[in-house]
Amino acid sequence: MRCALPEFHHDQSGFATLVRLAAETEECLFENIEIDMHATRWFDADMCAAFGAILYRLGKNLNTVRLKNIPSRIATILSKNGFLSHYGQERIPDRWGTTIPYHRFDVKDDRYFAGYIEKELIHRTEVPSMTLGLSKKFRESIFEIFSNAVLHSHTELGIFCCGQIFPKRHRLDFSVADLGIGMRRNIQQNTGLELSPAAAIEWATQGQNTTKRGSVPGGLGLKLLSEFIDLNGGCIQIVSDAGYWRRGQMETVAVPLSHPFPGTVVNIEINTADTNSYRLTSELSTADIF
Amino acid sequence: MMRSEMMISLFEVVGSPLCVASGDGQKVYERLAAAFGKDRKVALSFHNVSTLTSAFLNAAIGQLYGRFSEEQILTLLQVEDIQQDDLALLKRVIETAKQYFKDPEKFDQAVRDAMEDGDGE
């Protein structure tokens, strides 16, 4: 089987491409699948997380995946971030340090993930210098996204991460993808609410909503993330099932996709030149919180 | 005789400045719940903690509101060496937890109402 991959941006069109690929290959078993990338003139590197998740699922179904005709500029980026090491190519050094490596984690790998974030995002000189407040908020956001995947996805196939730094544009993109049950089914199973995929994402980003039942409360993670993105001037995109949701410049878009993504992708775009202090306007007292 | 307050250091329990994983929060919760079960006062130290998530705080502290009364928690728990923005996050986690445990049916109804008011697709 041969599938062509067009330009691959980290936007609605990129996710539309990805879910088409997932749908075309969904039934494949014991097949040789060639992803033809001769027309892939652009590939946003953080999309390796979601792309890698789809390809990993194909491998799990005992298919052999080969990436063919990769334009050299794209092959270089995908070799630097370690993505192509999964598909038979050597990793090459990232001299400018603008990639945040592609990694697959299991849900129990939270310590390993913390180490990855420390090594690749916190202690790296290439990461654009951010104010202390922004740096902390950014770290919290990344961990909130990963925790969401751990707590809600029920994935058995792992959590996939990748990022890219654009120093001149003062931008940092980071994506987390899982191959879990997706937000719509999770909400349906835990609350009984029947929502469209896009409405399910909208629901999950509201502060008081949670699918958590039992002894540990929940429901804040994605709300906190959206609030941070609004202040930062960045953007957050979520794809889950056949829903696409984006928030940026204080505006939200929620639309259906032609096919489902077999899990959830959360992707953030951070404005690294943000100078907000993220300090509180009034002091809180430890005596007043319980 | 007045019992002395015991101290729990998040850094010591988690073993890192990154208090981010729900599983690590659960370890903190188990220590707090065991102490509260014996009516012991606890000072919970956030010293050397660099990053917190709502998932960690929900498991470590939010969960307490399902087992102990607000009055018990207010009397027995004290937080120390916590940065102001972390305190703000903890306050939101606690407010959500109180709402969650106060009336789960009402919490579910709030969820449904939110959807009816929302614009969906």
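In this text the structure is predicted, and so the values were computed from the model without any measurement. (Residues numbered from 1 in each chain as written. Chains lettered and ligands numbered in written order. Predicted model: local features only at pLDDT ≥ 70, side-chain atom pairs only at ≥ 80, totals over all residues. Heavy atoms only, no water.)

S.K.: So what exactly am I meant to see when it comes to the sheet that holds strand β1 (residues 2-4) of chain A here?
M.R.: All names here are of chain A. Taken in spatial order, the 3 strands line up as β1-β2-β3 in an open sheet, and their pairing is parallel. Only two strands of the sheet have a single neighbouring strand rather than two, namely β1 and β3 (64-68). The sheet shows a mean angle of 20° between the axes of neighbouring strands, taken without regard to direction. In the packing of helix α2 (residues 48-60) onto the sheet, the strands contacted are β2 (32-36) and β3, and the crossing angle to β3 comes to about 140°. (Pairing = 2+ DSSP bridges. Helix = DSSP H or I, 4+ residues; strand = E, 2+ residues; numbered from the N terminus. Axes fitted to C-alpha atoms, helices over the stretch in contact; angles between N-to-C directions. Contact = heavy atoms within 4.5 Å.)

S.K.: Any chance you could explain the side chain of Thr155(A) here in plain terms?
M.R.: All names here are of chain A. By the secondary structure assignment, threonine 155 is in the loop between α5 (132-152) and β5 (159-166). Relative accessible area serves as the criterion here: at 6%, threonine 155 is assigned to the buried category. Looking at threonine 155, its side chain comes within polar contact range of the main-chain nitrogen of glycine 158, at 3.2 Å. When residues no more than four places from it in sequence are discounted, the contact partners of threonine 155 are Val107, Asp178, Leu179 and Gly180. (Buried < 20%, exposed > 50% of the residue type's maximum accessible area, 1.4 Å probe, protein only. Polar contact = N/O pair within 3.5 Å; in protein donor to acceptor, adjacent residues only side chain to side chain.)

S.K.: Would you take a moment to explain the interface of chain A and chain B for this structure?
M.R.: Often the size quoted for an interface is simply the accessible area lost on bringing the parts together. On the side of chain B, 53 residues touch chain A, which itself brings 45 residues to the contact. Buried area between chain A and chain B, both sides added, is near 4,200 Å², and the carbon and sulfur share of it is 60%. The tally of links between chain A and chain B comes to 4 salt bridges. Of the charged contacts in the structure, one is a salt bridge between Asp24(B) and Arg111(A), with a shortest N-O distance of 3.1 Å. Counting every contact that joins chain A to chain B gives 11 residue pairs in polar contact (both at pLDDT 80 or more). Among the elements that make up the side of chain A that touches chain B, the one with the highest residue count is α5(A) (7 residues). Counted by class, the side of chain A that touches chain B contains 19 nonpolar, 13 polar and 13 charged residues. (Buried area = accessible area lost by both parts, 1.4 Å probe. Salt bridge = Lys/Arg side-chain N within 4 Å of Asp/Glu carboxyl O. Nonpolar A, V, L, I, M, F, W, Y, C, P; charged D, E, K, R; others polar.)

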